[in-house]
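Here is how the chains run, residue by residue.
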Amino acid sequence: MERGCGFAMNPGSRILHRAGMQGLLRRKRMRAGFVAVSAMSSDPLVRPNIVVLGGGFGGLYTTLHLMNMPWSRLQKPRITLVDRSDRFVFLPLLYDLLSGSMSTAEIAPYYVELLQNSDVRFQMGAITSLDPDAKTVQVDGKDE
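In this report, the structure presented in the accompanying data block is examined. Because the structure is a prediction, the values reported are computed rather than measured.

Let us look at the pattern of salt bridges. Counting across every chain of the model gives one salt bridge. The partner of lysine 76 in a salt bridge is aspartate 119, and the shortest N-O contact between them spans 3.1 Å. Placement of lysine 76 in the loop between helix H1 (57-67) and strand S4 (78-83) and of aspartate 119 in the loop between helix H4 (111-114) and strand S5 (121-124) is noted, with a sequence separation of 43 residues between them. Overall, the relative accessible area of 30% leaves lysine 76 in the partly exposed class. For aspartate 119, a relative accessible area of 58% corresponds to the exposed category.

Rendered as structure tokens:
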């Protein structure tokens, strides 16, 4: 599984790149793969689930972008970010850490801290299986 690839799932919806209905969010090409979100459910009481796999630049940016979109109260999805590490490492600044001009917390903040004032859920673990037809992701033995 490539880091940064992802898809979203929702009972009664389709994976975005297979759907062509108006009003769907666009598929975004990220550096390491595709991240897609599900169509809105025909049932207004079912909130869509969006699972972003990989918390690199593409995955974290997509999560933050989705979090800040102007969702209506009923359309606001449950967003989960999955990564095998507990920290987002800003690699271009690692030399600042070695020189002592920046701290570890500035260069490698915890995902939980980055997402603490949001409704985004962070799940740490490795992706062990991905089933687009069943719309499930298995993370270290847990189904998302």
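Having seen the structure, we can now continue with the description.
Turning to the sheet that holds S5, a few remarks are in order. Reading across the sheet, the three strands line up as S3-S4-S5 and stay open at both edges, with parallel pairing between neighbours. On the outer flanks of this sheet lie strand S3 (49-53) and S5, each paired with one strand and no other. For this sheet the average axis-to-axis angle between neighbouring strands, irrespective of direction, equals 20°. Sheet topology places S4 next to S5; four bridges connect them, and they run parallel. Its bridge partner being in S5, aspartate 83 is matched across the sheet by methionine 124. With respect to the sheet, H1 is in contact with S3 and S4, its orientation differing from that of S4 by roughly 170°.

Our next topic: the packing of aromatic side chains. Inspection of every chain in the model, using the stated rule, returns four aromatic pairs. On the basis of an interplanar angle of 90° and a centroid distance of 5.3 Å, the ring pair of phenylalanine 57 and phenylalanine 88 is categorised as edge-to-face. Of the two residues, phenylalanine 57 is situated in helix H1 and phenylalanine 88 in the loop between S4 and helix H2 (94-99); the sequence distance between them amounts to 31 residues. The class of phenylalanine 88 is buried, set by a relative accessible area of 10%. With relative accessibility at 43%, the residue phenylalanine 57 sits in the partly exposed group.

Calculation rules
Residue positions within a chain follow its written sequence, with the count starting from 1. Only residues with pLDDT of at least 70 get local features here, since the model is predicted, and only at 80 or more are side-chain atom pairs given and counted; chain-wide, interface and lining totals rely on the full set of residues. Where side-chain values are given, they derive from all heavy atoms of the structure, hydrogens and water being excluded. Counted as salt bridges are all cases of a side-chain nitrogen of Lys or Arg within 4 Å of a carboxyl oxygen of Asp or Glu. Under the scheme used here, helices are H or I runs from DSSP no shorter than 4 residues and strands are E runs no shorter than 2 residues, and both carry numbers assigned from the N terminus. Relative accessibility thresholds used throughout: buried, under 20% of the residue-type maximum; exposed, over 50%; partly exposed, between the two (1.4 Å probe, protein chains only). Any two strands are treated as partners once DSSP identifies two or more bridges connecting them. Note on geometry: axes are C-alpha line fits, over the in-contact stretch for helices, and angles between N-to-C directions span 0 to 180 degrees. Throughout, a contact is declared for two residues whenever any of their heavy atoms are within 4.5 Å. By convention, a stacked pair of Phe, Tyr or Trp rings (six-membered ring in the case of Trp) has centres within 6.5 Å and planes under 30 degrees apart, an edge-to-face pair has planes over 60 apart, and any other such pair is tilted.

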